[in-house]
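Architecture and fold: a report
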Amino acid sequence: MRSDIDIVVIGGGNAALCAAMTAAECGASVCILETAPKPYRGGNSRHTRNFRCMHKGPHGPLVDDYSEDEYFSDLLKVTAGKTDEKLARLAIRTSEECLTWMQEHGVHFQPSLSGTLSLGRTNAFFMGGGKSLVNAYYRKAESLGVTILYEAHVTHLELVDDRIELVSFAHEGKEKRLVPKAVVVASGGFQADTDWLTRAWGPPAKNFLIRGTPYNRGVVLADLLDQGVSSVGDPTQCHAVAIDGRAPKFDGGIVTRLDCVPFSIVVNKHGERFYDEGEDVWPKRYAIWGRLIAQQPDQVGYVVIDAKSLELFMPSVFPPIKADSLEELAAKMDLPPKKLSDTVAEFNLACGNTSKFHPTELDGVATSGLLPAKTNWARPIDEPPFYGYSLKTGVTFTYLGLKVDENAQCSTGQGPVRNLWAAGETMAGSILGQGYLAGFGMTIGTVFGRIAGREAAKYAN
Amino acid sequence: MQTDFLQEARRQAEICNACRYCEGYCSVFPALHSERVFSDGDLTQLANLCHNCRGCYYACQYTSPHEFDLNLPKALAEVRQESWEHFAWPEAFAKRFQSSGLMIAIASVLCFSVFFLTIRTLGSAGGEGFYAVLSHTAMVSIFLPAFVFPLFSLAISMRRYWSATNGEPVRLSHIVEAFGSAARMKNLAGGHGDGCNFEDEDRFSQSRRLAHQAVMYGFLLCFASTSAATILHYAFDMPAPYPIWSLPKLLGLPGGILMVAGSLWLMALKLKADKNLGAPSAWGGEMGFVALLLLVALTGLLLYAMGSTSLMPLLLAIHLGSVLSFFLLTPYTKMAHGFYRLAALIREAQRKRTN
């Protein structure tokens, strides 16, 4: 390995790679320290699928227009205003040129999509998904001469006055250190550190599943925050969705999602309903169910549907639990059988005219006199066989991160840290204070990764 | 068919169906996504539609060491291999060739070559050129059945395949679409036109697509050359040997060169590729088949170059021995893949039009 490294990039996902490639193209010598082993490289970018992109007129795989203002208003809707407008608009405005840049760096986009989400106007989908993007970027980074170390666990960045003086890390069983001119931190959030999550969330967090990489443990984030680097975002906030309860503890990714809630009733372990399953179309309401499940006893929920709804949603990765009667289904799912059939009977009784049922839009087919009501897609659950899924809370990412300015530079209370930049999930809380906008994580990572790489190289040169 | 291969392919297909990230790579995924449950016939069709480009494997977030342990190219290769053995007629031949293809190819070429040399030692056939070694009548009486039998055997296999995959009556438009796809090797283009991931992990390259096309078009040119010669012989009473500015030579020479270059390239690619992303048990048989193609083309070219030397009778015996082996083994070797792939592409064209 070269000893004269100009820039150390910590992390190995989209933002890290964008920073490394940009810095290398500016002539700097760059080293990526990726915690994961090679097959798991790429952080959560491995599990992503698309990139939200502003554009005037058709652009690459995108159709029509998606203006800065429309994009920003979409962001305001999900964050309820918890965003830094200057940074958000910078990310949005720069996203347009990023698409071309991504293609020039080996990313292939899908021409059109026949899937369930109609996002052909706002989101560009990677051919093969995020891992293929990550693969393309590693190829490109290697061809630009970037040194890549896998299973390199960064333990400490030494902040002295307003500079990072050295980077300590463990690699191949040895403690090593680098003394680069500049450092880019792009090592994600802390959601894979269950203890940290439990400190922030309380004991229920022990039952959460982590949808993405097990390597985002926030070690560098904690180290920098301990040394007074400014933070942004709420430690108690994380993006959580309801996923298949049988999903792996870590890394289940996209396949663990369940799209069946709107056509179902959802009960807790006592067999009681607790929320309007028909509140809104699924992608929009997907995110709230993570929190709803987290508030239930043992942080579990159970979806119950009947035969007529089975093919109305995307296929699930694990087959549903199937039974000829509700009592049998309850027994298989460890629910109180009497209570479940009572809940279903009560629900069925509250269902009215279902002739306007329409699975893909808000159809107003609602219950009457039921608490909580089901305000759309309310059809009696009465056609055997009956099917069930268990639900658990799946954490996508955490919001607490490093505060940055428009140059992606970090600071302390005393002012900027001269040679420290941050990009990606670790600073996304600056822009995404809460909620989530599909494909926006990749936008933030790409935009700020490139800025961080450029600024770090400028400083190093 | 072996249910464990089918079970494993089914398990993986269900995970792919919940993910759908690979949608754009090849025809397998749109076909897969149109189902919710996978019958054995569905899996057989998907397996024969898969061209083993490996794009999906390298893009997959669920490959080993992930606990889902996806390796769809391998799972489909195993089912595909099984389906060819299962549909072959007579079935026992196929099983034997899959397990020890290279040895059988070598043995068969040797036997047939010795056979032709033996005929030669029985004395001159009285003709000129090659026919001095083996008379035209003898050649025809050996090669005509050797050509017809494999076609008959393959016709049975294709019928079995068609019934297993619930094929519908074939229309011209289905055939046009299938041939169009094969002519461009669309399913090795990676969906974005940059080729596949065959020989060097996740790097996209056109190598396999180009090498395959060289072999395929080379073979078709050689086949056209032989057909042209047959027509010249019977319709125009113009027996071999033919001069360089004749149709058989103008077709056969570039055809032979393409086949030699293409099969060497394919062998080199196969040596570089990860064996574990195909059916490991079929690797030897596939290599044996490409080697046989190479031998057919190479001896054909050498025969042309050294036709007037004393090596000619030996070369002719080896050439005829390898051609005979090639034809006779066609229903049981990788050569059958061309027929199955076309059937799968036709079936896929039908599916697309029905949806």
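Here the structure is shown first, and the text comes after it.
Figured I'd write up the structure that's included with this text. For clarity, every value in this text was computed on a predicted model and none was experimentally measured.

Here we come to the nonpolar core. Ranked by internal contacts, the top residues of the largest apolar core, which has 103 residues, are I7, L157, I431, F440 and F448 of chain A. Here this core takes 10 residues from helix α11 (residues 440–460) of chain A, the largest share from any one element. Among all residues touching F440 of chain A, those that are not within four sequence positions of it are R52, Y71, L75, A91, I92, I431 and L432 of chain A. In this structure, M127 of chain A together with F29, L43 and A75 of chain B belong to the second largest nonpolar core, which totals 50 residues.

Our next topic: the packing of helix α1 (residues 3–19) of chain B against helix α5 (residues 72–87) of chain B. Residues and elements named next belong to chain B. At a minimum axis separation of 9 Å, α1 and α5 run at an interaxial angle of 140°. α1 and α5 meet at a crossing whose hand is left-handed. Side by side, α1 and α5 meet where F5, L6, A9, Q12 and C16 of the first sit next to L72, A75, E78, V79 and E82 of the second. Considering only residue class, the contact of α1 with α5 consists of 7 nonpolar, 1 polar and 2 charged.

A few words on the pairing of strand β16 (residues 386–398) of chain A. Residue and element names in this part refer to chain A. With 12 of 13 residues buried, β16 is to be regarded as a mostly interior element. The sheet contact formed by strand β10 (residues 209–210) and β16 spans 2 bridges and is parallel. Looking across to β16, one finds that L209 is bridged to G394. Bridge analysis of strand β12 (residues 238–244) against β16 gives 7 bridges, and the strand direction is antiparallel. Bridge pairing links I243 to K392 in β16.

Residues spaced three or four apart along an α-helix point in a common direction, a consequence of the helix completing one turn every 3.6 residues. All names here are of chain B. A rise of 1.5 Å per residue sets the reference length of helix α9 (residues 172–184), with its 13 residues, at 18 Å; its end C-alpha atoms lie 19 Å apart and thus fit the reference within 8%. H174, A178, S181 and A182 are the residues of α9 that are buried. In a view along the axis of α9, the buried residues occupy a sector of 100°, so they form one face of it. Exposed and oriented more than 90 degrees from the buried face of α9 are L172 and V176.

With respect to the secondary-structure elements, T63 of chain B resides in the loop between α4 (55–59) and α5. With relative accessibility at 7%, the residue T63 of chain B sits in the buried group. Side-chain polar atoms of T63 of chain B contact the side chain of K131 of chain A, separated by 3.4 Å. For T63 of chain B, the residues in contact, after removing those within four places along its chain, are K131 of chain A together with Y57, D69 and L70 of chain B.

The subject of this paragraph is the sheet that holds strand β7 (residues 163–171) of chain A. Residues and elements named next belong to chain A. If you walk across this open sheet you meet the 3 strands as β6-β7-β8, and the pairing is antiparallel. Each of the sheet's edge strands pairs with one partner strand only, and the pair in question is β6 (153–160) and β8 (174–178). On average, each strand axis in the sheet is inclined to that of its neighbour by 20°, with strand direction left out of account. As paired strands, β7 and β8 are joined by 5 bridges and run antiparallel to one another. What sits directly across from F169, in β8, is K176. Packing against the sheet, helix α6 (residues 219–226) makes contact with β6 and β7, and its axis sits at approximately 20° to β6.

Another aspect to go through is the pattern of salt bridges. In the structure shown here, the tally under the stated rule is 39 salt bridges over all chains. As a salt-bridge pair, R246 of chain A and D244 of chain A come within 3.0 Å of each other at their nearest N and O atoms. Put simply, R203 of chain B and E199 of chain B hold a salt bridge, and the shortest N to O gap is 3.5 Å. For E199 of chain B, a relative accessible area of 6% gives the class buried. One network of salt bridges, with partners in common, ties together R41 and R139 of chain A together with E199, D200, D202 and R203 of chain B.

So, how was this worked out
Residues numbered from 1 in each chain as written. Chains lettered and ligands numbered in written order. Predicted model: local features only at pLDDT ≥ 70, side-chain atom pairs only at ≥ 80, totals over all residues. Heavy atoms only, no water. Core = buried A, V, L, I, M, F, W, Y, C linked by side-chain atoms within 4.5 Å. Buried < 20%, exposed > 50% of the residue type's maximum accessible area, 1.4 Å probe, protein only. Helix = DSSP H or I, 4+ residues; strand = E, 2+ residues; numbered from the N terminus. Contact = heavy atoms within 4.5 Å. Axes fitted to C-alpha atoms, helices over the stretch in contact; angles between N-to-C directions. Left-handed = near helix turned anticlockwise from the far one by under 90°. Nonpolar A, V, L, I, M, F, W, Y, C, P; charged D, E, K, R; others polar. Pairing = 2+ DSSP bridges. Expected span 1.5 Å × (residues − 1). Arc of directions from axis to C-beta. Polar contact = N/O pair within 3.5 Å; in protein donor to acceptor, adjacent residues only side chain to side chain. Salt bridge = Lys/Arg side-chain N within 4 Å of Asp/Glu carboxyl O.

So far we have only geometry, and geometry alone does not tell us how the molecule works.
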